[in-house]
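The residues making up each chain are set out below.
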Amino acid sequence: DADVYRVLFESNPRPMWVFERETRRLLLVNDAVVQLYGWTREELLQMTLLELRPPDDRPAFEHAWNGQPREIPYARAGRHWTKSGEILDVNLEITNCTLGGRLCSLAIATNITGIAEAERRFKLLVEHSAEAIAVSSADFTVEYVSPAGERMLGVPASEMVGKRPMTRVHPDDGHRWVPPAPFETRTHVARIMHRDGTWRWIESTTT
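Quick caveat, the model's predicted, so the values are computed rather than measured.

(A) Structural detail: the nonpolar core. Grouped together as the largest cluster of nonpolar side chains are 20 residues, with contacts concentrated most on W17, L26, Y37, L44, L49 and L52. Only β1 (16–20), β2 (26–29), α2 (31–37), α4 (49–52), β4 (87–99) and β5 (102–111) provide two or more residues apiece to this core. At 4 residues, β4 tops the list of elements feeding residues into this core. With near-sequence residues (within four places) excluded, L26 lies in contact with W17, V18, F19, L44, L45, M47, T48, L49 and L52. Counting 10 residues, the second-largest nonpolar core is a separate cluster that includes V142, A190, I192 and I202.

See below:
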C-alpha cells in the first residue's frame, strides 16, 4: 500500500531522501531531513546533491561524480551544510530504486558531526598515556596495544596483536588470572616476560 510506505518514509527518524541519478535532483525528502538541514521541503525539492555540499567541497564532488550507480548498497562519508551554514559530517547509506520509471537512489544519512574529533582526541589520550592500554576481543585475543605497552614489554604491537596475552605470563602466575564478567573490573599482579627474557611484575586492571 503506497500510503503505508509513505508514512514509513515520512515518519522515519533518520534523514532520508530520494534523488534522480541523471539530474542529481532531490525528488523526495522526509521530515527528518527538513529538521536536520533547516531548509523547507519546498526549498529542498529545488536542490540537487551538489547544493547539499558546502561550496568549497563542490569541485571535488563534481570531479568524483560520474552518474553511474555503484555496487549497491554502499556507504560513504561526506560533508554537507545546513541552511544556516553549519557544516555537518554525515555517513550515507545508498541503495538504488526506481521512481516513475526513472533510475533513482535512496540515501539514508547519519549525522556524525563531532565524532571524528572525539576519536582524534581519544587516540591522542591513549597513545600518549604513560600507562599501557590494550584492547582484546571476547575470547581475549589482543586487538590493540598502545605505545606504552610496547615500551613496557619491549615488544612491537604487531607481535602481540592476534595473540592471547597469557602466552607472556609466568607459568606460576597464570592460574591467578580470572577474567572479569561483563561490566566487572578485576585487578591482577603477575610476572610478564619482557622481550629481553626477563620477568617484569605488572599490575593490570581489566574491564
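Next comes the rest of the description.
(B) Representation of the confidence of the model for the protein chain. Of the residues in the protein chain, 97% reach a pLDDT of 70 or more, and the chain-wide mean stands at 90. Predicted confidence in the protein chain is weakest over helix α6 (residues 115–127), with a mean pLDDT of 84, and strongest over helix α3 (residues 41–44), with 98.

(C) Up close: the sheet that holds β4. Strand order across the open sheet formed by 5 strands is β2-β1-β5-β4-β3, with antiparallel pairing between neighbours. If you trace the sheet from one side to the other, it starts and ends with β2 and β3 (74–81), each paired once. The sheet shows a mean angle of 30° between the axes of neighbouring strands, direction not considered.

(D) Representation of the pattern of salt bridges. If you walk through the whole model with that rule in mind, you get 14 salt bridges. Here E62 ties to R24 by a salt bridge, and the two come within 3.0 Å at their closest N and O atoms. Taken as a pair, E62 in helix α5 (residues 58–64) and R24 in the loop between β1 and β2 lie far apart in primary sequence, 38 residues in all. The exposure class assigned to E62 is partly exposed, which follows from its relative accessible area of 35%. For K83, the salt bridge is made with E43, and the minimal N-O distance between the two is 3.1 Å. Separated by 40 residues along the polypeptide, K83 in the loop between β3 and β4 and E43 in helix α3 bring together distant segments of the chain. Among the charged side chains, a salt-bridge network with shared partners connects E10, D31 and R41.

(E) Molecular detail of the pairing of strand β8 (residues 186–193). Alignment of β8 against strand β9 (residues 199–206), held across 8 bridges, turns out to be antiparallel. Bridge pairing links M193 to W199 in β9. Remark: 5 residues form the turn of the hairpin made by β8 and β9, two consecutive strands paired antiparallel; G197 in that turn has positive phi of roughly 95°.

(F) Here's a closer look at the pairing of β5. Bridge analysis of β1 against β5 gives 5 bridges, and the strand direction is antiparallel. Considered in β5, the bridge of E20 is made with C104. Pairing geometry for β4 and β5, over 10 bridges, is antiparallel. Bridge assignment links L99 to a residue of β5, and that residue is R102. Here β4 folds back onto β5 in antiparallel fashion, the turn holding 2 residues, of which G100 has a positive phi close to 60°.

Cut-off values and rules
Residues numbered from 1 in each chain as written. Predicted model: local features only at pLDDT ≥ 70, side-chain atom pairs only at ≥ 80, totals over all residues. Heavy atoms only, no water. Core = buried A, V, L, I, M, F, W, Y, C linked by side-chain atoms within 4.5 Å. Buried < 20%, exposed > 50% of the residue type's maximum accessible area, 1.4 Å probe, protein only. Helix = DSSP H or I, 4+ residues; strand = E, 2+ residues; numbered from the N terminus. Contact = heavy atoms within 4.5 Å. pLDDT = per-residue confidence, 0-100. Pairing = 2+ DSSP bridges. Axes fitted to C-alpha atoms, helices over the stretch in contact; angles between N-to-C directions. Salt bridge = Lys/Arg side-chain N within 4 Å of Asp/Glu carboxyl O.

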